[in-house]
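One letter stands for each residue in the lines below.
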Amino acid sequence: VLGSITCTAPVNIATIKYWGKRDENLILPLNSSLSGTLHQDDLKTTTSIVANDEFTEDALWLNGVKEDISAVRYQNVLKAIRDRATKLQDKPHHVHIVSVNNFPTAAGLASSASGYCCLVYTLAQLYGVEGDVSSIARLGSGSACRSMFGGFVKWEMGTKEDGSDSIAVQVQPESHWPEMNIIVLVVNDKKKETSSTAGMQQSAQTSPMMKERCATTVPQRMKDIEEAIKSRDFEVFGDITMKDSNDFHEVCATTTPPIYYLNDTSRYIINLVEKYNTVSGNIKCAYTFDAGPNACIYLPEQNVTEFLALVLKHFPTGDQTNYYRGPNKYLQQS
Ligand code: DP6
């Protein structure tokens, strides 16, 4: 064995959504995005990699199933890492990679984000790659670049053709807003029907909402939400988060053919949050939905007990809705 290492990486939940690419191969986005990173002990990927001169090929197992490592995204990531290696480059070898999620894969729970982030981070340790590797994680899955950091993280879309300025940047560390919690209400853990990759391609080509979203709406929201995070203004943060989630699903609905990720339970949760906020007279929690029906709820610690009691009242059996609770803390390496 020439080297072996295990790392974990957490899931991130976007408050300003990435949706649409300007370059499919380099995975360059049409707009910047921003997310919060979960505590790595909640929803995470763990990846172990062994480099050995006796292996006859590179190989990768995801949740116990052998993946096709010749797939272009895996190859792009491996090549980018090996191009920047400071270790192992003079020793002929192959790698065996074993990756496990502690939550359902491809259910709109950002499994590709923690998965590719973890793969790239672990490979970078093994090969001694220095400097920013978020742009390599991006080659695996766009949203993965944001899991490289804890706290609040933006993915700057960048303008260069080679993508060298399309990187993740930490906006604030988790210590800046430690009361912030993210709860994931698991509505359905089945594999989604339209993958993010295919869905955003269709939206970019056909949704009439995309142009304005990328040109004006998102740039303004990026500024406003960064400011809200800086001043820990949950009212503004929550308002922008819910608006961007709603707009993203509207973009999907105005795609040809239309894409629907939310179901009746998702919409029930939206109404529940809206009513709770209206009755309270201020925004106490904020929902956001990715490419699936599961609800992610951002809320300050002081509202968690009350909100969970409300959820239990409306979903008493608990078999439709499980929740993961995670203070927005960050740890990268195990
Ligand atoms: C709705 O990062 O999964 O979660 O780059 O094609 O792998 P690819 O797409 P992916 O898309 C995530 C879309 C989203 C919004 C977000 O996380 O910003």
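I will try to describe carefully the structure that is included in this document. (Residues numbered from 1 in each chain as written. Predicted model: local features only at pLDDT ≥ 70, side-chain atom pairs only at ≥ 80, totals over all residues.)

## Some points on the site of the ligand
- Near the ligand, the surroundings consist of 14 residues, among which A14, Y18, S141, G142 and S143 are the closest.
- The residue inventory of the shell around the ligand, partitioned by class, reads 5 nonpolar, 7 polar and 2 charged. (Near = placed C-beta within 6 Å. Nonpolar A, V, L, I, M, F, W, Y, C, P; charged D, E, K, R; others polar.)

## Some points on unusual backbone geometry
- Backbone torsion omega between T256 and P257 reads -10°, so that peptide bond is classified as cis.
- Relative to the helices and strands, P257 resides in the loop between α6 (234-253) and α7 (264-280).
- The phi dihedral of I27 is positive, around 50°, even though this residue is not glycine.
- Turning to its location among the elements, I27 is positioned in the loop between β3 (21-23) and β4 (28-29).
- Judged by C-beta crowding, with 25 C-beta atoms within 10 Å, I27 ranks as buried.
- Phi angles above zero are rare outside glycine, and L88 is one such case at about 70°.
- Assignment of secondary structure puts L88 in the loop between α1 (72-83) and β9 (94-101). (Helix = DSSP H or I, 4+ residues; strand = E, 2+ residues; numbered from the N terminus. Buried ≥ 20, exposed ≤ 12 C-beta atoms within 10 Å, placed from the backbone.)

## Observations regarding the sheet that holds strand β2 (residues 12-16)
- Strand order in the open sheet formed by 4 strands is β2-β5-β10-β11, with antiparallel pairing between adjacent strands. The sheet terminates laterally at β2 and β11 (168-172), the two strands that pair on one side only. The sheet shows a mean angle of 35° between the axes of neighbouring strands, taken without regard to direction.
- Summarising the sheet, strand β5 (residues 33-37) and strand β10 (residues 152-155) pair through 4 bridges and their orientation is antiparallel. Bridge pairing in β10 links S35 to V153.
- Docked against the sheet, helix α5 (residues 210-230) engages β2, β5, β10 and β11, running at close to 115° with respect to β2. (Pairing = 2+ DSSP bridges. Axes fitted to C-alpha atoms, helices over the stretch in contact; angles between N-to-C directions. Contact = placed C-beta atoms within 7 Å.)

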